[in-house]
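Each chain, written out:
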Amino acid sequence: MRFAINFIFCLALMSAAAVYAQGPGSELPPSNLDPPPQQAAQPHSEPAREAPKPEPPWSVFDYIDPSEPRFYAKLGLLLGSLLLARKAYRQMKPH
């Protein structure tokens, strides 16, 4: 037990020393997550406003394909997990 405590303490000290030994960087290298550099302020011309296109009607069958065998495997897993959850809940309830 004492060895584990000493090991954790030694690991913490080495980590702190490694962080302290790193010199402060003057600037981080640019990454692809940085925003693009700001351009000189130019007046924006507003594009002509067009009427928004109506969205096509949504259907469940866009996501579900009953002719695919994986659909029935997923349905079986869903129903099985529901039945197991109900059984576990009934076992947890006090009589």
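See above for the structure.
Rules behind the numbers
Residues numbered from 1 in each chain as written. Predicted model: local features only at pLDDT ≥ 70, side-chain atom pairs only at ≥ 80, totals over all residues. Heavy atoms only, no water. Helix = DSSP H or I, 4+ residues; strand = E, 2+ residues; numbered from the N terminus. Buried < 20%, exposed > 50% of the residue type's maximum accessible area, 1.4 Å probe, protein only. Areas by Shrake-Rupley, 256 points an atom, 1.4 Å probe, with all protein chains shown as cover. Phe/Tyr/Trp six-rings, centres within 6.5 Å; stacked < 30°, edge-to-face > 60°. Salt bridge = Lys/Arg side-chain N within 4 Å of Asp/Glu carboxyl O. Patch = residues over 30% accessible without salt bridge, like charges linked within 9 Å, V, L, I, M, F, W, Y side chains within 5 Å. Expected span 1.5 Å × (residues − 1).

The next subject is the overall build of the chain. Along its length, the chain carries two helices and zero strands. The 95 residues of the chain split such that 0% are buried. Only carbon and sulfur atoms are counted for the fraction: they give 66% of the accessible area of the chain, which is about 10,500 Å².

Our next topic: the packing of aromatic side chains. With the rule as written, the count across this model stands at three aromatic pairs. Between the aromatic rings of Phe71 and Tyr72, the centroid separation amounts to 5.0 Å while the plane-to-plane angle is 75 degrees, which identifies the pairing as edge-to-face.

The next subject is the pattern of salt bridges. A complete count under the given rule lists one salt bridge for this structure. Arg70 is the salt-bridge partner of Glu68, the closest N and O atoms lying 2.5 Å from each other. By relative accessible area, which is 57% here, Arg70 ends up exposed.

A separate point is a nonpolar patch on the surface. There is a patch of nonpolar side chains on the surface, built from Phe3, Phe7, Ile8, Leu11 and Met14 and spanning about 600 Å² of accessible area. Within the fold, Leu11 resides in helix H1 (residues 2-21). A relative accessible area of 43% places Leu11 in the partly exposed class.

Time to look at H1. Because an α-helix completes one turn every 3.6 residues, residues spaced three or four positions apart along the sequence face the same direction. Its 20 residues give H1 an end-to-end C-alpha distance of 28 Å, which sits within 8% of 28 Å, the value for a rise of 1.5 Å per residue. Taken across its 20 residues, H1 has zero buried, putting it largely on the surface.

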